[in-house]
Amino acid sequence: MGDPEVRYRRIQRDYQMAIRIYNTETKQLEEFKPITPGEVKMYVCGPTVYNLIHIGNARPMIVFDTVRRYFEYKGYKVNYVSNFTDVDDKIIKKANEEGVDSSVISERYIKECKKDMADLNVKPATTHPQATQEIDGMIEMIQTLIDKGYAYVVEDGTVYFEVDKDPQYGKLSHKNLDDLQSGFRSIQVTGEEQKKSPLDFVLWKPKKEGEPYWDSPWCQGRPGWHIECSVMSRKYLGKTIDIHAGGEDLIFPHHENEIAQSECANGVPFVHYWMHNAFLNIDNHKMSKSLGNFKTVRDIDAQYDPQVLRYLMLSAHYRSPLNFSADLMESARASYLRIVNCMDNVDFLLGKASAQKLSDAEAGLLPESEKFRQEFEDAMDDDFNTADALAAIFDLVKWINSNVNGSTSKEFLAKAKDLLLTLTDVCGLIAERAPEADEDETARIEQKIRERQEARKNKDFAKADAIRDELKSEGILLEDTKDGVKWKKA
Ligand code: AMP
Ligand code: ZN
């Protein structure tokens, strides 16, 4: 059997499996091979900032943050870029309604979005570029596309990408161009009569009254939506990147157009792996602002610990649709609490344990815990199957609960804790909650508990009950266990 540490390293080495990713472009699971060994260059399309983000927007944030965390756990350095779209019709409309500059709206909601991300334990990106700060780069890429013959300027100064010039167009969304052409032909968009083909899309458009604008060689105006991601991805990650991700609604036209712009301008492949999350629905309906059946992350925060939402998002595979409902949130809460309670118990026992070092029996038992790590890694290696990864965490929780008690050594408890913390942290789930009470309050509560124990020893049950009730009225619940009295806030 040998030293558990050595065994554990051997298990790790033997099972070192490659990460497999479902690539939307090839529609296949592919082994992940980074462009630069040990590094991941990853771009995730971020929100348009004109409102508080809704829980649908939170799905890609949580899912791809977990992908990032898993790469980091595996030892990769991840360069993670996620943009804020801060120039857009909806932002301008809101700014005009409020009578303020559109930057007031976008800055306000970027700030709010960052608050929501922090609540959901989504790590800040390495870089969070904003479209309005990158206009020069966009003008330069558009000019390159014109110079290379992929884009054309019409009379009013609008610049279009000419889809017919790109033989690869449609490769991501697997759309048939002829079907698309005829579909689009039937939709007459006012102001777009000068397009050569209905599929051509805007790279730059002239300003309208009351809109922000920038000077350009073609007219005073602003960029189309798609060009910002091509430009920011190249600037912060390079011409070819490992992973580009977003919600499945972005496959067409946004990501298809990004590929066309980037590959025609740069002359090299744009992205090796395309990842798309399925949609979050609500009560079995598509979540939509116009139907009024959407919830913001802030709405959830008012009712639940945001970690419960994070848990819910990870309880399904990212490529499966997920239906948000109050019932599902309740069961997510119960599951999340099982993890937290296990950690609370380990912390409680750590505070009491008298033995420091592993007993022989514990030394024999400890290597068993590694099979949960393996189960976890197998699930995550398989296209980030977080549902199965959470199941592995629960197997670990069960194993810890049945193997720790008042006589467990500190070393065993610390190792169990470390593994549970490591795996939950890959999921971005906070297993060890910060003490809710400050030190003085903790000392006061523990003093009360000692007085109650004293009263019970003296058979003064009335006094003991009174102390319990007094604490209960403050929302502090006592639990008598064989290892001593535990307390928690209700
Ligand atoms: P938007 O601000 O609409 O560009 O959306 C920002 C990100 O959220 C994009 O990756 C979208 O695909 C994604 N998204 C929007 N709504 C949902 C939803 N209901 N479920 C999952 N992802 C969504
Ligand atoms: Zn994008």
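Residues numbered from 1 in each chain as written. Chains lettered and ligands numbered in written order. Predicted model: local features only at pLDDT ≥ 70, side-chain atom pairs only at ≥ 80, totals over all residues. Heavy atoms only, no water.

1. Comments concerning the overall build of the protein chain
Along its length, the protein chain carries 17 helices and 15 strands. Taking the principal axes of the C-alpha coordinates as reference, the protein chain spans close to 95 × 55 × 35 Å. Across the 490 residues that make up the protein chain, the buried fraction comes to 49%. Of the contacts made within the protein chain by residues no fewer than 6 positions apart, 76% connect residues no fewer than 24 positions apart. (Helix = DSSP H or I, 4+ residues; strand = E, 2+ residues; numbered from the N terminus. Buried < 20%, exposed > 50% of the residue type's maximum accessible area, 1.4 Å probe, protein only. Contact = heavy atoms within 4.5 Å.)

2. Thoughts on helix H13 (residues 370–381)
With 12 residues, H13 extends 16 Å between its outermost C-alpha atoms, agreeing within 8% with the 16 Å of an ideal straight helix rising 1.5 Å per residue. Most of H13 is tucked away: nine of the 12 residues are buried. Two residues or fewer past H13, aspartate 383 is found with a positive phi of approximately 55°. (Expected span 1.5 Å × (residues − 1).)

3. Here's the deal with the coordination of the zinc ion (ligand 2)
Here the zinc ion (ligand 2) is held by Cys45 (SG), Cys229 (SG), His254 (NE2) and Glu258 (OE), and the distances to it run 2.1 to 2.7 Å. For the zinc ion (ligand 2), the four donor atoms in the first shell make angles of 69 to 126° at the metal, so the coordination geometry reads as irregular. The sequence pattern formed by the donor residues of the zinc ion (ligand 2) is C-x183-C-x24-H-x3-E. With a gap of 213 residues between them, cysteine 45 in the loop between strand S3 (39–44) and helix H2 (55–73) and glutamate 258 in helix H8 (residues 251–266) connect regions that are remote in the sequence. The exposure class of glutamate 258 is buried, given its relative accessible area of 0%. (Donors = N, O, S within 2.8 Å, 3.2 Å for Na, K, Ca; no water. Tetrahedral: all angles 85-135°; square planar, octahedral: opposite > 155°, others 65-115°.)

4. Quick notes on H8
Most of H8 sits inside the fold, with 15 of its 16 residues counted as buried. Of the residues flanking the end of H8, it is glycine 267, one or two places downstream, whose phi is positive at about 70°.

5. Some words on the packing of H2 against H13
For the pair H2 and H13, interaxial distance at closest approach is 11 Å and the crossing angle is 125°. As the angle between them shows, H2 and H13 are arranged oblique. The element H2 and its partner H13 pack so that their crossing is left-handed. Counting all contacts with H2, which are made through Thr66, Tyr70 and Tyr73, the residues of H13 involved are Arg373, Phe376, Glu377, Met380 and Asp381. By residue class, the composition of the contact of H2 with H13 is four nonpolar, one polar and three charged. (Axes fitted to C-alpha atoms, helices over the stretch in contact; angles between N-to-C directions. Parallel < 35°, antiparallel > 145°, perpendicular 65-115°, else oblique. Left-handed = near helix turned anticlockwise from the far one by under 90°. Nonpolar A, V, L, I, M, F, W, Y, C, P; charged D, E, K, R; others polar.)

6. Describing the site of ligand 1
Around ligand 1, a shell composed of 16 residues is seen, among which Thr48, Gly56, Gly247, Asp249 and Leu280 lie nearest. Glycine 247 places a polar main-chain atom, nitrogen or oxygen, 3.0 Å from an oxygen atom of ligand 1. The contact in question runs from a nitrogen atom of ligand 1 to an N or O atom on the backbone of leucine 280, over 2.8 Å. In isolation ligand 1 exposes 490 Å². Once the protein is present, 87% of that is buried. Elements represented by at least two residues in the shell around ligand 1 include exactly H2 and strand S9 (241–247). The greatest single-element share of the shell around ligand 1, amounting to three residues, is contributed by H2. Of the residues assigned to the shell around ligand 1, the class counts are seven nonpolar, eight polar and one charged. (Near = heavy atom within 4 Å. Polar contact = N/O pair within 3.5 Å; in protein donor to acceptor, adjacent residues only side chain to side chain. Areas by Shrake-Rupley, 256 points an atom, 1.4 Å probe, with all protein chains shown as cover.)

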